[in-house]
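For reference, the chains in residue letters:
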Amino acid sequence: MERPGSAASRPLFPRGPSITLDDFSSQDFIVSDFVDSLAEAALPASRRSGPAHQAFDPKPLIRTFENALSQLGVLSEQLQERESELLSQVRRAEIQHDQTLETLGRKLDQSMAQFEALDLSLNSGVANGGSVRGDGSGGGGSSSGGNIAVQIGEKLEELDRKRRKAQDANFLIQCWTEVTETGQLASLEEIQRQGGAENKVRCAVIARQLMRISQRLDPASWGQAGSGFRGNGVTNGVTGVNRRHNTREVLEKFSEQLEQDLLKQFNNSYRRQNFDDMRECARVLRDFNGGASVIAAFVNQHQFFIDRDQLLAEEVTTDGETWDQLADPDSEPPGVEPSLQSLVDEVRIVMQDESFIIKRAFPYYETVLVKFIQRVFQQSIQQRLEMVLEKATTVSSLAFLRSLHASRAYIAALVEDLKTHGLTEHPEPCSAQIAQTLDQQLEELFIPYLVGSSYIDRERRSLEEMYNSLLFKFTVYHSRRKKAPSGFMAAIAQQGNQLIASAKDAYIQRLESSDLTPTQKRTMLRVAGIQDGAAGNKNDIDVSDQDGVLSVAYAKRMIGWLAESVRRILEMGSASDTPKDVNALLNLLLTTVGQVYVETALDAALDQASAQDNAKTEPDLSYLPNLRPAVTITSLVSRFVHTVLIRLAESNTTVRRSMEAQTKLAVESIERKTNAVMKATLDVAVHWVAKLLAQQKRLDFRPKDDDLEGLVDSLQTPTCQAICTFLASRVAAQARQAVDGPNLEAFSSELAVAVHRLLFDHLKKFQVNATGGLMVTKDIARYVSTIREWPVAKEVEALLEVLTEIGYLFIIGPEALKERSRNLATGAAAGSGGSSGGGGGGVGAGLSKADFKAFVQKREDASSPGVQSVLAGL
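Residues numbered from 1 in each chain as written. Predicted model: local features only at pLDDT ≥ 70, side-chain atom pairs only at ≥ 80, totals over all residues. Heavy atoms only, no water.

Undergrad: How do you make sense of the overall build of the protein chain when you look at a structure like this?
TA: For the protein chain, the count of helices and strands is 34 helices and 0 strands. Counting only residues that meet the buried cut, the protein chain has 41% of its 874 residues in that class. (Helix = DSSP H or I, 4+ residues; strand = E, 2+ residues; numbered from the N terminus. Buried < 20%, exposed > 50% of the residue type's maximum accessible area, 1.4 Å probe, protein only.)

Structure follows, in structure tokens:
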């Protein structure tokens, strides 16, 4: 286009731009831009750059647009002439094509006649050759004729293929002409009415080809622009003809009817098990809509889904005993629900059988098998699974978790069996695509129940309910127990008291909850060991002392329940979430079993021991045997945590270290409280022994002559008898029931040292005559024999020898005292620590000089010359 102002000089009245066909052939052509350029070219340069208040002059625009219209008229006439010329060429081409087909037909007829004549001549030649071959002639002519026949046959086959191709093209043009001129497909419908699978397949192929021709030659029926030119100026053939019929609608209607016929033929072939015909129909139908219709027909009308749709309407009717077993935490889970198990077993058989049919009936069998698998899982299995889990929810939370786990395990086994069987690849394992589909369907079945932290929260709540039920009477008993006076240990135990109250209140609130199912309520009451209605008022619950005692059996039940939860978590959850999940269960275990259960019992024992520290009557040490189950339970929990839970968290170092630290702190807390109970018990025992020794009479070791008969008959003084009975039948017996091994030895040794210290100081307070010396010896012998029955350390046994040595100091004569005083020099270094206020003399070699002198001075004959000479010799 020639733009205004492009020349050096302009006439007074510009002629306007020159317009050619090239201006409209560009793909970027926009009508509004074209009109704007014409308007811009019509205005003189002076007017465009002049002031804006100049009057508008329309004459240049009128002249420019008139010139443009005249040029567009010329171009339109040129286009009409070109279109008429092209139509003439098309008609000539069609006439020439028809003549070519007629010529080819005549030539084919001539070729067929020549072939028949040649065939007759060859047959007669072969017959003659057979008779001549007997005398050794004619064989070469037969071989040459056979080669020529093969070559002619190949050429004829090629000509036949060309002929069929030409006939198909002719028929295709004929069908297109019919659909454009009459809006019907009479020729194609005639073939369809002839019936037969081959004819229907041929109709489908021709209909698909006509659909592509319609898209190319009749774009208006497809909602495209009606321009007869493409962007490069090339026409689509007969574009521009005003068609009276919408070819797209006609072809789509015929295709839809043909598709229904093919689907009907496919179903009939399926019933007759004609797999070849099914395969051909499936192949053609795939070109219509990707095979969606034939796949849907095969899957939806399958007898398995029809029968199962009726069964899925039935409710889950498992007997009540099975549901009660599912809700009982102490019973083994009964396994998968029977109706779901029956469905899964049937799916296994159907999938294996149908995969054989699918592979033979569909050329794209993997696509069909994927759809079949999705339908089986998403409709049949998912609906029954939801019904089973909904029923389990109405029973109890534990029943839901067990049902969910059993269902997943059974369906996962189905998936693995199908992978191993191979389905369409049998006997080889199934393909990667099918294996991925099976895994995906399994995951999608259970992902609503495992998303986020919902599953581990269910497990935790279920365990909390069972733990609170089992420990309900225990918590009630200790909440009513009288607490020791406030002090340092009471402040330490305050957290435990809060946990007890929280567990007890949580149990009562859960029982009174409106969403608690009847079965779950019965289970919680049975586990707690109370009657229905008794838990409404905690003051009406009868508890005994036995309810406040630790039970190893209870601890084993709680660990067993948690182990079952861990097993479900491993099989249900992902490996990446396992450390976090087991850490949550560890917190629950340490809080409930460690703090609420074990530490509460230890706090009670400590309170009872502390309350008897200054008792005026013989202390009751019956709380001491409760330490044995506390130690045993702690050992069980620690072993379970390190053997199971921490090992499962090894993949996450941070979580594993956190779990190890939590466990260590919990065990150390229990050990501290256990040691505090033993220390308090030791203080109580020592305090009571000191109190009994303070009741020793002054004359017990200075009897008069008239009391000799009674002294001979008595073995020990009443004080010695009371102390030894208390130590043997109370302290030692209860300690053996509480601890054993090194712990018992450490406790016994500390108690023995404390008793030795008390006796050591006690014997320095009394004057002893000759007869009283015998009583001292008998008392010491009884003390020593009582202590030796305990498992004490070797150093403590040496202290017992010192006690025996002290008894001898009151009964031997001066010469023997003098002999023993000579041995003090060798034992002084080892026994110098045993002053009158401390450790009770040396060990092994004897007493210190100060202790020796203190004891000898308590003899009634200490002022005699013989004893004084011994003391002077020190």
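Undergrad: Can you walk me through the pattern of salt bridges in this structure?
TA: In a structure, side chains of opposite charge can pair up when their charged atoms sit close to one another. One pass over the structure, following the stated rule, counts 27 salt bridges. In this structure, glutamate 416 engages lysine 419 in a salt bridge whose closest nitrogen and oxygen atoms are separated by 3.7 Å. You can see glutamate 416 and its partner lysine 419 sitting in helix α15 (residues 397-421), 3 residues apart, about one turn around the helix. Classification of glutamate 416 as partly exposed rests on a relative accessible area of 42%. When the shortest N-O distance is used, the salt bridge between aspartate 851 and lysine 764 registers 3.0 Å. Residue aspartate 851 is found in helix α33 (residues 849-856), and its partner lysine 764 is found in the loop between α28 (741-762) and α29 (770-788); the two are separated by 87 residues along the sequence. (Salt bridge = Lys/Arg side-chain N within 4 Å of Asp/Glu carboxyl O.)

Undergrad: Help me understand the packing of helix α27 (residues 718-738) against α29, please; the structure alone is not making it clear to me.
TA: Between α27 and α29, the least distance of the axes is 10 Å, while the angle of their chain directions is 0 degrees. It follows from the interaxial angle that α27 and α29 lie roughly parallel. Between α27, through Thr719, Cys720, Gln721, Ile723, Cys724, Leu727 and Ala728, and α29, the contact on the second element is made entirely by Asp779, Arg782, Tyr783 and Thr786. Within the contact of α27 with α29, the residues separate by chemical class into 6 nonpolar, 3 polar and 2 charged. (Axes fitted to C-alpha atoms, helices over the stretch in contact; angles between N-to-C directions. Parallel < 35°, antiparallel > 145°, perpendicular 65-115°, else oblique. Contact = heavy atoms within 4.5 Å. Nonpolar A, V, L, I, M, F, W, Y, C, P; charged D, E, K, R; others polar.)

Undergrad: Teacher, can you tell me more about a nonpolar patch on the surface here?
TA: On the surface, Phe24, Leu69 and Leu72 cluster together into a nonpolar patch covering about 260 Å² of accessible area. With respect to the helices and strands, the residue phenylalanine 24 is situated in helix α1 (residues 22-25). Given the relative accessible area of 32%, phenylalanine 24 is considered partly exposed. (Patch = residues over 30% accessible without salt bridge, like charges linked within 9 Å, V, L, I, M, F, W, Y side chains within 5 Å. Areas by Shrake-Rupley, 256 points an atom, 1.4 Å probe, with all protein chains shown as cover.)

Undergrad: Got a minute to help me understand the environment of leucine 401 in this structure?
TA: Along the chain, leucine 401 falls in helix α15. A residue is classified by how much of its surface remains accessible, and leucine 401, at 1% relative accessible area, is buried. Counting along the chain gives 74 residues from leucine 401 to alanine 327, while the straight-line C-alpha distance between them is 9.6 Å. Not counting the four nearest positions on each side in its chain, leucine 401 is found in contact with Tyr455, Arg458, Glu459, Ser462 and Arg568.

Undergrad: Mind showing me how you'd approach the packing of aromatic side chains here?
TA: The geometry of two aromatic rings is summed up by the distance between their centres and the angle between their planes. Following the criterion strictly, the structure yields 12 aromatic pairs and no others. Both rings, one in phenylalanine 474 and one in tyrosine 597, keep their centres 4.8 Å apart while their planes meet at 65 degrees; by these two values the pair is edge-to-face. On the criterion of sequence distance, the pair formed by phenylalanine 474 in helix α18 (residues 472-480) and tyrosine 597 in helix α23 (residues 578-611) is long-range, its members being 123 residues apart. A single burial state applies to phenylalanine 474 and to tyrosine 597, both of which are buried. Through a chain of ring-to-ring contacts, the aromatic side chains of Phe266, Tyr270, Phe298, Phe362, Tyr364 and Phe372 assemble into a single cluster. (Phe/Tyr/Trp six-rings, centres within 6.5 Å; stacked < 30°, edge-to-face > 60°.)

Undergrad: Looking at this structure, I do not really get helix α17 (residues 454-470). What am I missing?
TA: Because an α-helix packs 3.6 residues into every turn, residues spaced three or four apart end up facing the same way. Helix length check: α17 (17 residues) gives 25 Å between terminal C-alpha atoms against 24 Å at 1.5 Å per residue, within 8%. Along α17, the residues classified as buried are Tyr455, Ile456, Glu459, Ser462, Leu463, Glu465, Met466, Tyr467, Asn468, Ser469 and Leu470. (Expected span 1.5 Å × (residues − 1).)

Undergrad: For this particular structure, what's the right way to read the side chain of glutamate 259?
TA: Position of glutamate 259 among the secondary structure elements: in helix α8 (residues 247-272). Arginine 208 is the oppositely charged side chain nearest to the buried, salt-bridge-free glutamate 259, at an N-O distance of 12 Å. Aside from chain neighbours lying at most four places away, what touches glutamate 259 is Leu285, Asn289 and Ser293. (Lys, Arg positive; Asp, Glu negative; His and termini not counted.)

Undergrad: Teacher, can you tell me more about the packing of α15 against helix α16 (residues 432-450) here?
TA: Each pair of packed helices can be summarised by the angle the axes make with each other and by the distance between the axes. It is at 10 Å that the axes of α15 and α16 come closest, and there the two elements cross at 175 degrees. The angle between α15 and α16 falls in the class roughly antiparallel. Side by side, α15 and α16 meet where Phe400, Leu404, Ser407, Arg408, Ile411, Ala412, Val415, Leu418 and Lys419 of the first sit next to Ala435, Leu438, Asp439, Leu442, Leu445, Phe446, Tyr449 and Leu450 of the second. Considered class by class, the residues forming the contact of α15 with α16 number 13 nonpolar, 1 polar and 3 charged.

Undergrad: Explanation requested: helix α21 (residues 518-528) in the structure shown.
TA: The set of residues buried in α21 consists of Thr519, Gln520, Thr523, Met524, Leu525, Val527 and Ala528. Of the residues trailing α21, glycine 529 is marked for its positive phi of about 75 degrees.

Undergrad: Could you clarify how one ought to interpret unusual backbone geometry in this entry?
TA: Excluding glycine, most residues fall at negative phi; most peptide bonds, likewise, are trans. In this model, histidine 426 is joined to proline 427 through a cis peptide bond whose omega is 10 degrees. Along the chain, the position of proline 427 falls in the loop between α15 and α16. In the Ramachandran plot, glutamine 273 falls in the positive-phi region, its phi being about 60 degrees despite a non-glycine side chain. Here glutamine 273 shows up in the loop between α8 and α9 (275-289). You will see that leucine 423, though not glycine, has its phi angle at about 55 degrees, which is positive. Residue placement: leucine 423 occurs in the loop between α15 and α16.

Undergrad: What exactly am I supposed to notice about the side chain of arginine 348 here?
TA: Turning to its location among the elements, arginine 348 is positioned in helix α13 (residues 338-361). Look at arginine 348 and you get buried, because its relative accessible area is 17%. Separated by 3.2 Å, the side chains of arginine 348 and aspartate 345 make a polar contact. Apart from the residues lying within four places of it in its own chain, the contact partners of arginine 348 are Ala413, Leu414, Asp417 and Leu418. (Polar contact = N/O pair within 3.5 Å; in protein donor to acceptor, adjacent residues only side chain to side chain.)

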